[in-house]
Amino acid sequence: MKPEVIRTLRDLRNEVARWKKDGRTIGVVPTMGALHEGHLSLVRRAVADCDRVIVTLFVNPKQFNDNKDLASYPRTEDEDRKLLATIGPDVLYMPGVEDMYPEGFATTVSVSRLTEGMCGDFRPGHFDGVATVVCKLFLQTGADRAFFGEKDYQQLMVVRRMARDIDIPIEVIGCPTIREKDGLAMSSRNIGLSAEERERANALPNALRGAAEAIAKGGNPTSEIGTARRTIEDAGYDSVEYLELRGADDLAPMTKLDRPARLLVAAWLGGVRLIDNVPVAPAR
Ligand code: AMP
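Quick caveat, the model's predicted, so the values are computed rather than measured.

What counts, and where the lines are drawn
- Residues numbered from 1 in each chain as written.
- Predicted model: local features only at pLDDT ≥ 70, side-chain atom pairs only at ≥ 80, totals over all residues.
- Heavy atoms only, no water.
- Core = buried A, V, L, I, M, F, W, Y, C linked by side-chain atoms within 4.5 Å.
- Buried < 20%, exposed > 50% of the residue type's maximum accessible area, 1.4 Å probe, protein only.
- Helix = DSSP H or I, 4+ residues; strand = E, 2+ residues; numbered from the N terminus.
- Pairing = 2+ DSSP bridges.
- Axes fitted to C-alpha atoms, helices over the stretch in contact; angles between N-to-C directions.
- Contact = heavy atoms within 4.5 Å.
- 1 Å grid on protein atoms, 1.4 Å probe; cavity = no way out; pocket = protein on both sides within 12 Å on 5 of 7 lines; lining within 4 Å.
- Points joined across faces, edges and corners; volume = space filled by probe spheres on them.
- Right-handed = clockwise from strand over helix to strand, strands pointing away.
- Near = heavy atom within 4 Å.
- Polar contact = N/O pair within 3.5 Å; in protein donor to acceptor, adjacent residues only side chain to side chain.
- Areas by Shrake-Rupley, 256 points an atom, 1.4 Å probe, with all protein chains shown as cover.
- Nonpolar A, V, L, I, M, F, W, Y, C, P; charged D, E, K, R; others polar.
- Phe/Tyr/Trp six-rings, centres within 6.5 Å; stacked < 30°, edge-to-face > 60°.
- Lys NZ or Arg CZ within 6 Å of the ring centre and 35° of its normal.

Asks: What is the right way to look at the nonpolar core in this model?
Replies: Side chains of a nonpolar character, in soluble globular proteins, are inclined to be buried together. Judged by nonpolar contacts, the single largest core of 44 residues is most densely connected at Ile-54, Val-134, Phe-138, Phe-148, Met-162, Ile-170 and Val-172. Where this core is concerned, the elements lending two or more residues are α1 (9–21), β2 (26–31), β4 (91–93), α7 (126–141), β5 (145–149), α8 (153–165) and β8 (261–269). With 8 residues, α7 is the largest single contributor of residues to this core. Counting residues in hydrophobic clusters, the runner-up holds 28 residues, among them Leu-193, Ala-203, Ile-225 and Val-280.

Listed below in structure tokens is the structure:
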């Protein structure tokens, strides 16, 4: 039954070599598990676009800047396998930490510029960890296409840049954010919210959308961002780490809307860090 579970690089390489010999296109969907409909949307897209699909599940210690966060990250492996079986990617690749980072491992892949600010500032070392593991997964799977969520927009841009810069022949495809009915972006971290916090959580996407619409209509970005920040805090969020307007292609800070942009936010609610972002297009 699909997916076949593979845990070692040797087995993965053997499978991939057979596929390549037959001329199959290969898609990869990197995840850290605790799968939800957001992840599954990427897997469906990959299955529709590629002959063979590998979903990777690896909770990457190098991208956690906080050991408590790593220890408490949700792990639902059996459930994840069942969910994937409803879609049928070919392989679920679950390497062990000691296989990915054996004794003596000493290499870091580091992307500059795009990692400055936002999650790059608030989670030191995070994007080095992401770029390093994703680089390894791209090379290990030999995939032609990789599917990432726009939910983690800065990550999507960093990964795409990394692959281009170091000439990994893979197309990085961004897929839309999947949301709960009330607008909250789906996230493995949402299960850390209490029922009462969960009810208030949609203040974040609502404020974000409100500010994006106001800015698109000509509102001043600085004052709209200030209003949205206050709305989020008034709704009971503990703090807003950042709420920024950035260029959609280069993530450069923007003070006026003179080209396609992205409004990005990170905020804390009851010990859970939530991130989200939406596009902001200038009126034509
Ligand atoms: P994670 O397991 O959180 O590392 O996420 C694995 C992939 O799923 C990343 O490419 C994420 O951007 C993507 N993803 C997570 N949540 C969503 C969502 N709500 N909608 C679309 N993609 C998502």
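Still more ground to cover, so stick around.
Asks: Would you mind showing me how to read the sheet that holds β5 here?
Replies: Backbone hydrogen bonds are what pair the strands of a sheet, in a parallel or an antiparallel way. Read across the sheet, 6 strands follow the order β1-β4-β3-β2-β5-β6 without closing on themselves; strand pairing throughout is parallel. A strand with exactly one partner marks an edge of an open sheet, and here the two such strands are β1 (4–6) and β6 (171–175). Averaged over all pairs of adjacent strands, the angle between their axes in this sheet comes to 25 degrees, without regard to strand direction. Examined bridge by bridge, β2 and β5 share 2 bridges and lie parallel to one another. Bridge assignment links Gly-27 to a residue of β5, and that residue is Arg-145. Sheet strands in contact with α1 are β1, β2, β3 (52–57) and β4, and its direction is about 150 degrees off that of β4.

Asks: Any chance you could explain the layout of surface pockets here in plain terms?
Replies: Here the idea is plain: a probe the size of a water molecule rolls over the atoms and shows the empty space left. Here the second largest pocket is characterised by a volume of approximately 250 Å³. Residue lining of the second largest pocket: 18 residues in total, with Leu-57, Phe-58, Val-59, Arg-75 and Glu-77 positioned closest to the centre.

Asks: What should I look at first to understand the pairing of β3 in this one?
Replies: Within a regular strand, the side chains alternate between the two sheet faces. In terms of residue burial, β3 counts as a mostly covered element, since 5 of its 6 residues are buried. Handedness of the crossover joining β2 and β3 through helix α2 (residues 37–49) is recorded here as right-handed. When β3 meets β4, the two strands line up parallel, connected through 3 bridges. Following the sheet pairing, Ile-54 is matched in β4 by Val-91.

Asks: Help me understand the site of the ligand in this model?
Replies: As a structural note, the neighbourhood of the ligand is formed by 17 residues, with His-39, Gly-149, Asp-152, Ile-178 and Met-186 the closest of them. Taking His-39, its side chain carries an N or O atom lying 2.9 Å from an oxygen atom of the ligand. Look at the ligand: alone it shows 490 Å² of surface, and the protein chains cover 93% of it. At the level of secondary structure, the elements contributing two or more residues to the shell around the ligand comprise β2, α2 and β5. In terms of residue count, the dominant contributor to the shell around the ligand is α2 (3 residues). Among the residues forming the shell around the ligand, the class breakdown is 8 nonpolar, 7 polar and 2 charged.

Asks: Help me understand the sheet that holds strand β7 (residues 239–247) in this model?
Replies: With respect to topology, 3 strands assemble into an open sheet ordered β7-β8-β9, the strand pairing being antiparallel. Two strands lie at the open edges of the sheet, namely β7 and β9 (272–280), each paired on one side alone. Adjacent strand axes in the sheet meet at a mean angle of 10 degrees, parallel and antiparallel pairs treated alike. In this sheet, β9 lies alongside β8 in antiparallel orientation, the contact comprising 9 bridges. Counted as the bridge partner of Ala-267 is Leu-274 from β9. Helix α11 (residues 221–234) rests against β7 and β8 of the sheet, and its axis sits at about 150 degrees to β7.

Asks: Looking at this structure, I do not really get the packing of aromatic side chains. What am I missing?
Replies: The geometry of an aromatic ring pair comes down to the distance between the two centres and the angle between the two planes. With the rule as written, the count across this model stands at 5 aromatic pairs. Taking 5.5 Å as the distance between ring centres and 75 degrees as the angle between the ring planes, the aromatic pair formed by Phe-64 and Tyr-73 counts as edge-to-face. Here Phe-64 matches Tyr-73 in class, with each residue buried. Note on Phe-138 and Phe-148: the rings are 6.2 Å apart at their centroids and 75 degrees apart in plane angle, and the pair reads as edge-to-face. With Phe-138 in helix α7 and Phe-148 in strand β5, the pair connects residues that are 10 residues apart, well separated along the chain. One residue, Lys-62, lies across the ring of Tyr-101, its end atom 4.6 Å from the ring centre.

Asks: What should I look at first to understand empty space enclosed by the protein in this one?
Replies: Scanning the model with the defined rule gives 1 cavity of 30 Å³ or more in all. The element best represented in the lining of the largest cavity is β9, accounting for 3 residues. Taken together, the residues that form the lining of the largest cavity break down as 5 nonpolar, 1 polar and 2 charged.

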